[in-house]
Amino acid sequence: MTDYEKIDFSPIVDLAGDEVVTHSTVRDVRLASGKVLALITLDNGRDHNRPNTLGPATLTELGQTIARVKARAAAGEIQAVGITGKQYILAAGADLSDITKVTSKDQALLIAQLGHKVIGSLGDLGVPSFAFVNGLALGGGLEIALNSTYRTVDASAAAIALPEVFLGLIPGWGGAYLLPNLIGIENALEVVISNPLKQNRVLKPQQAFDLGIMDAIFPASNYLENSLAWADGVLSGKVKVERKNEPGKIERLTKWPIAIKMARGMLESKIGTMPRSPYLALDLLDKARSGTSPKDRAEGFAREDAALSELVSGDQFAASMYAFDLVQKRAKRPVGAPDKTLAKKVTKVGIIGAGLMASQFALLFLRKLQVPVLITDLDQTRVDKGVAYIHEEIGKLEQKGRLDADTANRLRALVTGTTDKSLYADCDFVIEAVFEEVGVKQQVFGEIEQIIAEDAILATNTSSLSVEEIGSQLTHPERLVGFHFFNPVAVMPLIEIVKTPVTNEQTLSTAFVVAKGLGKNAVLTADAPGFVVNRLLAKVMGEAARAVYEGTPIADVEQAFAPLGLPMGPFQLIDLVGWKVAAHVQDTMVRHFPDRFYANENFHALAELENVVEKDKGGRVTGWTKAAEKALKGAVGSAPASAETILTRVQDGLAQEIKLMLDEKVVPEVEDIDLCLILGAGWPFIDGGASPYLDREGASERAFGGSFHTPQIRGIGN
């Protein structure tokens, strides 16, 4: 067993010179019963926009604070210890900037061990410890609570989660051992593995209470007062804490191994076997079933130490930190965005079209901007269908409690559906969602331009067409901008904002301000075929199609792409976006770059079918439908490609295309391409987007004799 008291932690404390230290102050609270609780408050001295974090200096100070209250408990001066945070925040976890400074696996191990030494001591004070989770509790913040004897939560807390797997790590300060022993293996699998892999889903306080992570939940108005009174009840025996999800002997013997086996199969089918952190987390959760004795706890902590040090020193964590920095910093300060004061104020939005995509736009604009939204189409039947969809979706949000009745009614009243285009006259921002054909888009914009004000903004949601060509017949092409959403509109966080050679600053500024108002991250791109995401996905889908038409079975092609780590295989993706859309995008790319992109006329025959592929229960493509096999007859060759050949072709093709996009100034830097792929294509954090992955795989060297990053983004010692 590890004796944390004998370890010299100075090598990592020395790394924390510029750490924003979260201090731990103590005050005694005399409870109604007369008992005294020493209350530790974590506070970094900043407002809630800069959450408390747990770096080496913070942990060292907290360890000293806990040691002092432990001594007081032994002397009989206090009967309990509580720990809480500054307003709205308990802690947002480890200070990741400090973790990225480690230069050896030994230092990585010290990071894990210091957390266990300090936070783990909350469960070994000689008196009960209470975590009062008064706000945000992520990662190490939640592990502070898990290491405490009892936990309460503020009903208004922003989020509770263990997001480490999302970042290529594991909950390494007790979470992987303590959580399954508190709430059972199935619930722990959801919190530790499933939620991070679902776009980093978090728990609301009520969910955390229902799962049994928290023992009590109180409203914000009297949260600390109620928590202290509850703690007094626990200490005096008046309050009995029941934990209905705590696993018993039968669960450990039978349910536990079955749940682990099912989770492993699910992971392999959903994400393949390349990511390390989910599988290491799974192993830790599996071994946590040994029990809750002091020996079991010590062994569980030691396993976490080993797993965390392995991950922190690896390539996937380095890539994750690169991706995390892109999403947390670069995405929030878009490169090339004009001054926001130049933006036109948007008081009414117009949407040309009333189909599904247009209706999704309308719902998003309504919910986020809460301004009047006008939708039009060629006939009233289509318009009525679009409005009905919007009303129905608002109703669903109301039923789920995400909108109150007054807000829902107000939003319904803000949407207008009509065939009368004259109502666009007072719209400030008009976006089209019509058929993906230049002539159609030119026609509708030509009509609308005659109606709207001279300074109103026009936006096109085209996925691959030239925005400049779409606007070539406008009287004022300078007020047209590309505003490319990704599907599903409500979920995907990226908007590609496309600037033509004549787009003016007011138009561009308005587009960025509107995107931010919609809760989206915007990246500026030049008006190049496919922009960023679709250009690179067209490369992926084109190479998949090439392999199929050479004669490779479709399931083998899907498997060959697994090492890329994309959320779904290429044909699963095509089936999601639509075969007609995919065929159109491929044709567009081949028209512009015939020597680098692949398309096949037979693809259009497939696109006419109602169902093209067969899938299993997990959504994975397993084969063609009979109708598709018939359509493919005569078009497929007899020279199947190996998985290695297919993967190398797509890796090298992506590396070549990204280099050309940078040379063509489609975006300023490779970081913008990676940001687009992470936000718009679900490219995994553990790859860091495409460029670090392509460097590591040697594709950059093969494609253009260099690398995208110097030095390459690699783990310690690589």
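Draft legend 1. Fine view of the overall build of the protein chain. Along its length, the protein chain carries 29 helices and 19 strands. Its C-alpha atoms give the protein chain a radius of gyration of 28 Å, within 12% of the compact-globule value 27 Å for 718 residues. A buried classification covers 55% of the 718 residues belonging to the protein chain. Within the protein chain, contacts between residues separated by at least 24 positions form 74% of all contacts whose residues are at least 6 apart in sequence.

Draft legend 2. Quick peek at helix α11 (residues 277-287). When you tally the buried positions in α11, you get eight out of 11 residues, the bulk of the element. Every buried residue of α11 is listed here: Ser277, Pro278, Tyr279, Leu280, Ala281, Leu282, Leu284 and Leu285. Looking at the buried residues of α11, the elements they touch are α6 (175-183), α7 (185-197), α10 (249-271), α12 (294-312) and α13 (315-328).

Draft legend 3. How the structure looks around the side chain of lysine 441. Residue position: lysine 441 is located in helix α17 (residues 438-449). Residue classification places lysine 441 among the buried residues on the basis of a relative accessible area of 1%. In this structure the side chain of lysine 441 is engaged in a polar contact, spanning 2.9 Å, whose partner is the side chain of glutamate 432.

Draft legend 4. How the structure looks around the nonpolar core. Of all hydrophobic cores here, the largest spans 154 residues; its most connected members are Ile213, Phe571, Trp579 and Trp624. In terms of residue count, helix α20 (residues 533-550) provides more of this core than any other element does, 10 residues in total. Apart from the residues lying within four places of it in its own chain, the contact partners of tryptophan 579 are Phe571, Ile574, Phe603, Leu606, Ala607, Val612, Val613 and Trp624. Grouped together as the second largest cluster of nonpolar side chains are 42 residues, Ile394, Ala408, Leu414 and Val489 included.

Draft legend 5. View of a nonpolar patch on the surface. Side chains of Leu576, Val577 and Val581 sit close together on the surface and give an oily, nonpolar patch of about 250 Å² of accessible area. Tracing the backbone shows valine 581 in helix α23 (residues 579-592).

Draft legend 6. Representation of helix α22 (residues 570-577) within the structure. Among all positions in α22, only Pro570, Phe571, Gln572, Leu573 and Ile574 are buried. Buried positions along α22 lie against α20, α21 (554-560), α23, α24 (602-607) and β19 (621-624). Count one or two residues on from α22 and you reach glycine 578, which has phi positive near 110°.

Draft legend 7. Up close: the pairing of strand β14 (residues 457-460). The alternating pattern of β14 places Ile457 and Ala459 and Leu458 and Thr460 on opposite faces, both of which are buried. Direction of pairing for strand β13 (residues 429-432) relative to β14: parallel, over a ladder of four bridges. When the sheet's bridge partners are listed, phenylalanine 429 is paired in β14 with isoleucine 457. Traced from β13 through α17 to β14, the parallel crossover comes out right-handed. Pairing geometry for β14 and strand β15 (residues 480-484), over three bridges, is parallel. Opposite threonine 460, over in β15, you have glycine 482 as the bridge partner.

Draft legend 8. Highlighting the packing of aromatic side chains. This structure, assessed with the given rule, holds 16 aromatic pairs. A centroid spacing of 6.3 Å and a plane angle of 80° characterise the contact between tyrosine 150 and tryptophan 230, whose relative ring orientation is edge-to-face. Here tyrosine 150, found in strand β7 (residues 150-154), pairs with tryptophan 230, found in helix α9 (residues 223-236); they are 80 residues apart in sequence, far enough to count as distant. Residue class for tryptophan 230 comes out buried when judged on its relative accessible area of 12%. For the ring pair phenylalanine 429 and phenylalanine 483, a centre distance of 5.4 Å and an interplane angle of 70° mean the geometry is edge-to-face. With phenylalanine 429 in strand β13 and phenylalanine 483 in strand β15, the pair connects residues that are 54 residues apart, well separated along the chain. Neither residue differs from the other here; phenylalanine 429 and phenylalanine 483 are each classed as buried.

Draft legend 9. Looking closely at the sheet that holds strand β4 (residues 89-91). Taking strand neighbours across the sheet as the criterion, the three strands line up as β4-β6-β8 in an open arrangement whose pairing is parallel. A single partner strand is all that each edge strand has here, and the edge strands are β4 and β8 (160-161). In the sheet, β4 pairs with strand β6 (residues 136-138) via two bridges, with the strands oriented parallel. When the sheet's bridge partners are listed, isoleucine 89 is paired in β6 with leucine 136. Sitting on the sheet, helix α5 (residues 140-147) touches β4, β6 and β8, and the angle it makes with β6 is about 90°.

Draft legend 10. Structural context of unusual backbone geometry. Between asparagine 487 and the following residue, proline 488, the backbone shows a cis peptide bond with an omega angle of -5°. With respect to the helices and strands, the residue proline 488 is situated in the loop between β15 and β16 (494-499). With an omega dihedral of -5°, the bond running from threonine 710 to proline 711 counts as a cis peptide bond. Within the fold, proline 711 resides in the segment after α29 (699-704). The backbone of asparagine 200 shows a phi angle near 60°, a positive value even though the residue is not glycine. In this structure, asparagine 200 sits in the loop between α7 and α8 (205-211). In the Ramachandran plot, phenylalanine 531 falls in the positive-phi region, its phi being about 55° despite a non-glycine side chain. Relative to the elements of secondary structure, phenylalanine 531 occurs in the loop between β17 (521-526) and α20.

Draft legend 11. Spatial organisation of the sheet that holds strand β3 (residues 80-85). Pairing within the open sheet is mixed, and its six strands lie in the order β1-β2-β3-β5-β7-β9. Edge positions in the sheet fall to β1 (23-30) and β9 (216-218), since each of these pairs with one other strand and no more. Going from strand to strand, the sheet's axes swing by 20° on average, the running direction of each strand aside. On top of the sheet, α5 reaches β2 (36-43), β3, β5 (129-133) and β7; it is set at about 145° to β5, its chief contact.

Draft legend 12. Structural detail: the pattern of salt bridges. As enumerated under the stated definition, the model contains 39 salt bridges in all. For arginine 330, the salt bridge identified is with glutamate 669, shortest N-O distance 2.6 Å. Here glutamate 669 lies in the loop between α26 (643-663) and α27 (670-681) and arginine 330 lies in the loop between α13 and β10 (349-352), a separation of 339 residues in the sequence. With a relative accessible area of 38%, glutamate 669 lands in the partly exposed category.

Draft legend 13. Structural view of the environment of alanine 159. Tracing the backbone shows alanine 159 in the loop between β7 and β8. Between the alpha carbons of alanine 159 and lysine 287 there is a distance of 28 Å; along the sequence they are 128 residues apart. Those residues in contact with alanine 159 that sit more than four places away from it in its chain are Gly135, Leu136, Ala137, Leu138, Val202 and Leu203.

Draft legend 14. Summary view of the packing of α10 against α11. Two numbers describe how α10 lies on α11: the axes approach to 10 Å, and their chain directions differ by 175°. When the axes of α10 and α11 are compared, the pair comes out roughly antiparallel. In contact with Trp256, Ile260, Ala263, Arg264, Leu267, Glu268 and Ile271 of α10, α11 contributes Pro278, Tyr279, Leu282, Asp283, Leu285 and Asp286. For the contact of α10 with α11, the per-class residue count stands at nine nonpolar, no polar and four charged.

The rules behind each value
Residues numbered from 1 in each chain as written. Predicted model: local features only at pLDDT ≥ 70, side-chain atom pairs only at ≥ 80, totals over all residues. Heavy atoms only, no water. Helix = DSSP H or I, 4+ residues; strand = E, 2+ residues; numbered from the N terminus. Rg over C-alpha atoms; globule rule 2.2 N^0.38 Å. Buried < 20%, exposed > 50% of the residue type's maximum accessible area, 1.4 Å probe, protein only. Contact = heavy atoms within 4.5 Å. Polar contact = N/O pair within 3.5 Å; in protein donor to acceptor, adjacent residues only side chain to side chain. Core = buried A, V, L, I, M, F, W, Y, C linked by side-chain atoms within 4.5 Å. Patch = residues over 30% accessible without salt bridge, like charges linked within 9 Å, V, L, I, M, F, W, Y side chains within 5 Å. Areas by Shrake-Rupley, 256 points an atom, 1.4 Å probe, with all protein chains shown as cover. Salt bridge = Lys/Arg side-chain N within 4 Å of Asp/Glu carboxyl O. Pairing = 2+ DSSP bridges. Right-handed = clockwise from strand over helix to strand, strands pointing away. Phe/Tyr/Trp six-rings, centres within 6.5 Å; stacked < 30°, edge-to-face > 60°. Axes fitted to C-alpha atoms, helices over the stretch in contact; angles between N-to-C directions. Parallel < 35°, antiparallel > 145°, perpendicular 65-115°, else oblique. Nonpolar A, V, L, I, M, F, W, Y, C, P; charged D, E, K, R; others polar.

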